Amino acid sequence: MSERHVSELAVRAEKLDTGDDLAPLRSRFVLDDVVYLDGNSLGALPANVPARVADVIRRQWGELRIRSWEESGWWTAPERIGDRIAPLVGAAPGQIVVGDSTSVNVFKALVGAVRLAGQDRDEILVDATTFPTDGYIAESAARLTGRTLRAVTPSEVPSSLSDRTAAVLLNHVDYRTGRLHDLPSLTAAVHAAGAYAVWDLCHSAGALPVGLDEHGVDLAVGCTYKYLNGGPGSPAYLYVRGELQDRFDSPLPGWNSHAEPFGMRTAYAPASGALRGRVGTPDILSMLALEAALEVWDGVSIGAVRAKSLALTDFFLECVGEYVGEGRVECLTPVAHQERGSQVALRCEDAGDVMRRLIERGVVGDFRAPDVLRFGFTPLYVGFADVERAARVLGETLG
Ligand SMILES: *Cc1c(COP(=O)(O)O)cnc(C)c1O
């Protein structure tokens, strides 16, 4: 690598940052001079969250106590915050409820989808490359519902569908490689076979347009602590398409989803609407931290976020090509924009050790066994100079 190239890329980065309309959003977060490329695992802290959480604890809990279920809007928070997430994933209001973990919501959604499909359909398809928890839950859901589980890659889904298929559980973006799957066409294929499509949006929500309503997705789940910056363990969400809500039969019917929760009835009767996806008492502290965190999206268009995300990952790939010695890394993330999420995964020898050294030098990504370096690009707070520095430090580390 020549000195000239180094300075050229640094100058380009500076120009790109100057022309970036989203650059001012960085001030909505608490950040230091570390290059933080792990927002696909835990998003950074939005600056307004600490004061909000302090108010929730000191005033709402400390002073108002039980009154806060009504007066501070605790009781209605799961649907209110769901409606705040809705525009980010292309959903009209009234279809998303926030609560529980992604793992738990995968269970609700998948069993719910199998029940919608009816007795005649005896097979569930699951993404063979899925994040492990989705696969474990799918296996248990299949056993509980007496269906057969078949693991297939997303590209094999169309040819694996039949009139036996009840439901298909897919990831919008692969957590390991950053590959973006074709949600519109896969959903259409699932529907053409008469089955139900369940999408996991953990690695796409907040990074790119999803279009749940537009593409007729049946059920979807996602976490809120990655690109939505809700904080460690912040509650996940469940989307049930409006026209399916009346038939959605949750496998975890708790008192919170009862039509009359304070009727304290022996018999269960489901509430209508998104509320039906609730289980028990919501985790208010994390939920209200998430609500504050979502305010960073005020006035932000997800289309602009996607454009910047692609520009960031394009620039990272270019810088890696320039700074990293030939053959030292292999890119697992597709080059084609329509197949790329908001992360770049590089296969690398001694990846665990390499990532440890990067972190020591102020470039934070993560390592996924056995040999993958993951770099997540959150357009709300990552800039082009960060990208250039990360690639340069990687090149020097692999020197
Ligand atoms: C991050 C992630 C999860 C996390 O599940 P939790 O229940 O929140 O631990 C699940 N699925 C996918 C695809 C993920 O990327």
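That block above? That's the structure.
Presented here is a report on the structure given in the accompanying data block. Note that the structure is predicted; figures quoted are calculated from it, not measured.

What to know about the sheet that holds strand 15 (residues 372–376)
Consideration 1: Strand order in the open sheet made by the four strands is 11-12-15-14, with antiparallel pairing throughout. Strands with a single pairing partner mark the edges of an open sheet, and in this sheet they are strand 11 (329–331) and strand 14 (366–368). Each strand of the sheet is rotated relative to its neighbour by a mean of 35°, with strand direction disregarded.
Consideration 2: Both strand 14 and strand 15 contribute to a ladder of three bridges, which runs antiparallel. Counted as the bridge partner of Phe367 is Leu373 from strand 15.
Consideration 3: Across the sheet, helix 10 (residues 302–323) touches strand 11, strand 12 (343–348) and strand 15, and the angle it forms with strand 12 is around 25°.

Notes on the packing of helix 4 (residues 77–85) against helix 9 (residues 284–293)
Consideration 1: Axis separation between helix 4 and helix 9 bottoms out at 10 Å; the angle between their running directions is 25°. Classed by the angle they form, the pair helix 4 and helix 9 counts as roughly parallel. Classified by chirality, the crossing of helix 9 by helix 4 is left-handed. Between helix 4 and helix 9, the contacting residues are Ala77, Pro78, Arg80 and Ile81 on the first element and Met287, Leu288, Leu290 and Glu291 on the second.
Consideration 2: Of the residues assigned to the contact of helix 4 with helix 9, the class counts are six nonpolar, no polar and two charged.

Examining the site of the ligand
Consideration 1: Neighbouring the ligand are Ser101, Thr102, Ser103, Phe131, Thr133, Asp134, Asn171, Asp200, Cys202, His203, Tyr225 and Lys226.
Consideration 2: With respect to the ligand, the backbone of Thr102 contributes an N or O atom lying 3.4 Å from an oxygen atom.
Consideration 3: Breaking the shell around the ligand down by element, the ones donating at least two residues are helix 5 (102–117) and helix 6 (132–145).
Consideration 4: Looking at the shell around the ligand, its residues break down into three nonpolar, six polar and three charged.

Structural notes on the packing of aromatic side chains
Consideration 1: Counted under the stated rule, the structure contains eleven aromatic pairs.
Consideration 2: Summarising the aromatic geometry, the rings of Trp69 and Trp74 are spaced 5.3 Å apart at their centres and angled 90° between planes, so their arrangement reads as edge-to-face.
Consideration 3: Overall, Trp69 belongs to the partly exposed group, its relative accessible area being 23%.
Consideration 4: According to the relative accessible area criterion, Trp74 is buried, its value standing at 7%.
Consideration 5: Between Trp255 and Phe262, the aromatic rings sit 5.5 Å apart at their centres with planes inclined by 90°, giving edge-to-face as the arrangement.
Consideration 6: In this structure Trp255 comes out as partly exposed when scored by relative accessible area, which is 37%.
Consideration 7: Residue Phe262 is classed as exposed on the basis of its relative accessible area of 56%.
Consideration 8: Between Lys226 and the ring centre of Phe131, over which it is positioned, the NZ or CZ distance is 5.4 Å.
Consideration 9: In this structure, Arg278 packs its charged tip against the face of Trp75, placed 5.1 Å from the ring centre.

Criteria and thresholds
Residues numbered from 1 in each chain as written. Predicted model: local features only at pLDDT ≥ 70, side-chain atom pairs only at ≥ 80, totals over all residues. Heavy atoms only, no water. Pairing = 2+ DSSP bridges. Helix = DSSP H or I, 4+ residues; strand = E, 2+ residues; numbered from the N terminus. Axes fitted to C-alpha atoms, helices over the stretch in contact; angles between N-to-C directions. Contact = heavy atoms within 4.5 Å. Parallel < 35°, antiparallel > 145°, perpendicular 65-115°, else oblique. Left-handed = near helix turned anticlockwise from the far one by under 90°. Nonpolar A, V, L, I, M, F, W, Y, C, P; charged D, E, K, R; others polar. Near = heavy atom within 4 Å. Polar contact = N/O pair within 3.5 Å; in protein donor to acceptor, adjacent residues only side chain to side chain. Phe/Tyr/Trp six-rings, centres within 6.5 Å; stacked < 30°, edge-to-face > 60°. Buried < 20%, exposed > 50% of the residue type's maximum accessible area, 1.4 Å probe, protein only. Lys NZ or Arg CZ within 6 Å of the ring centre and 35° of its normal.

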